[in-house]
Each structure stands twice: as C-alpha cells, then as structure tokens.
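Residue strings, one per chain:
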Amino acid sequence: MATLYLVLLTLHNLNRWVILLTGLWALVQTIPGLTSGRPFTPADRRPVAAFMGSLHLQVVLGLLLFAFMGMQNIPVFAGAPRPSFQWEHLGLGVLAAVFATLGSIQSRKAATDPLKFRAAALWTGLSMIVILAGIPWWRPLLRFFNQ
C-alpha cells in the first residue's frame, strides 16, 4: 500500500507542473486575442481544453490520495502552516477545476470570437490564481517516489 501512496503522490506532484504549464500556455494563447480581432481557432481552444483536462485529472488524483490517506491513517499535510489547509487545498482544487471548465465551455459556446477569447482568458486566469493559492509551497517542488 505504501507503493500506491508514493505513486499517487508522485503523479499528483508531476501533474501540478503540467497544469501550470498548460495554464500559462492557455493565457499566452488567449490574452493577445482579446484585442487582436483575430478569429478564435482550434489552435486557441487546444490549450484551454488541455488545461481543463489536466485539472480534472489532478482532482481525481487528489481525491484518490485523500481517500487513501484517510484509510491508512496517514496525516494529510503534516507540517502545514494551519490545520485547515487540507480542506483549503481540496476546496481550492475543486474550485479551480470548476473555473477551468467554465472557461472551456464558455469559450466554445460564446457567440463571437472576442467573447470566446474573453471567456477563455478570464476563467483560465481566475483558475490559475486559485491554483497558485492552493499549492503547498513549503513542500518539495518535485517528488519522485519519495515522501
């Protein structure tokens, strides 16, 4: 069981970097489109969808970790700056996924290209802010199968 925990923790940690990179990619792709007047193409939508998908994977990995740690009586976020951080981390992760989903849906369904860029940039930006607030920065930035 300890091996499963380390695998989940490593995947959750590595996916964090995928999320940050795809979020940055989505912002770099959509923010210039706010004022350029160019059409919203599949190339503009791709990073928004990748960001949303990687966040959904992160939530699933996080919930599996949370459940596994509870079953094994492993302390969640031992050494956290405050005891409530585990709930903040969980809530902010779900909220970030909701924001990314809204950005993806609204950028796909908006009536005009400027509205598509606006929705993608706004919701991706809000999601990135929530993500940065929820990351446990005191922990190792990269984990490879170690606690």
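Note that residues are indexed from 1 along each chain, following the sequence as it is written. Given that the model is predicted, a residue must reach a pLDDT of at least 70 before its local features are reported, and side-chain atom pairs must reach 80 or more before they are shown or counted; all residues, however, enter totals for whole chains, interfaces and linings. Derived side-chain values reflect all non-hydrogen atoms in the structure, with water molecules and hydrogen atoms excluded from consideration.

**Focus on the overall build of the chain**
Inference 1: The numbering of helices and of strands both runs from the N terminus, where a helix is a DSSP run of H or I of at least 4 residues and a strand a run of E of at least 2. Per the secondary structure count, the chain includes 5 helices and 0 strands.
Inference 2: Going from N to C terminus, the chain has its helices and strands arranged as α-α-α-α-α.
Inference 3: Taken over the C-alpha atoms alone, the chain extends approximately 55 × 25 × 25 Å along its principal axes.
Inference 4: The buried share among the 147 residues of the chain stands at 39%.
Inference 5: Pairs at least 24 apart in sequence give 81% of the contacts found in the chain among residues at least 6 apart.
Inference 6: The method behind every accessible area is Shrake-Rupley, applied with a 1.4 Å probe, and residues are considered shielded solely by the protein chains displayed. Accessible surface for the chain amounts to roughly 7900 Å². Of this, 73% is attributable to carbon and sulfur atoms. Whether a residue is buried, partly exposed or exposed follows from its accessible area with a 1.4 Å probe, protein chains only, as a fraction of its type maximum: under 20%, in between, or over 50%, in that order. Contact definition: two residues touch when any of their heavy atoms are within 4.5 Å.

**Some thoughts on the UniProt feature "transmembrane region" (unreviewed entry) in the chain**
Inference 1: According to UniProt, the "transmembrane region" (unreviewed entry) feature falls on residues 48–69, 89–105 and 117–138.
Inference 2: In residues 48–69, helix accounts for 100% and strand for 0%; the two terminal C-alpha atoms are 31 Å from one another. UniProt positions are given in the numbering used here, feature names are shortened, and annotations may be inferred rather than shown by experiment.

**Regarding the environment of Gly 33**
Inference 1: Mapped onto the fold, Gly 33 is located in helix 2 (residues 33–36).
Inference 2: In this structure Gly 33 comes out as buried when scored by relative accessible area, which is 4%.
Inference 3: Counting along the chain gives 80 residues from Gly 33 to Asp 113, while the straight-line C-alpha distance between them is 8.7 Å.

**A closer look at the packing of aromatic side chains**
Inference 1: Centre distance within 6.5 Å is the pairing criterion for rings of Phe, Tyr and Trp, where only the six-membered ring of Trp is used; planes under 30 degrees apart are then read as stacked, over 60 as edge-to-face, and the remainder as tilted. Taken as a whole and judged by the stated rule, the model has 7 aromatic pairs.
Inference 2: Ring centres 4.9 Å apart and planes at 80° place the aromatic pair Phe 40 and Phe 117 in the edge-to-face group. Of this pair, Phe 40 sits in the loop between helix 2 and helix 3 (42–71) while Phe 117 sits in helix 5 (residues 113–134); the two residues are 77 residues apart in sequence, bridging distant segments of the chain.
Inference 3: For Phe 40, a relative accessible area of 12% puts it in the buried group.
Inference 4: Arranged with centres 5.3 Å apart and planes meeting at 70°, the rings of Phe 66 and Trp 87 form a pair that is edge-to-face.

**Topic: the pattern of salt bridges**
Inference 1: For this document, the term salt bridge refers to a Lys or Arg side-chain nitrogen within 4 Å of an Asp or Glu carboxyl oxygen. Counted by the stated rule, this structure contains 2 salt bridges.
Inference 2: With a shortest N-O distance of 2.9 Å, Arg 38 and Asp 44 are connected by a salt bridge.
Inference 3: With relative accessibility at 0%, the residue Asp 44 sits in the buried group.
Inference 4: The partner of Arg 82 in a salt bridge is Glu 88, and the shortest N-O contact between them spans 2.6 Å.

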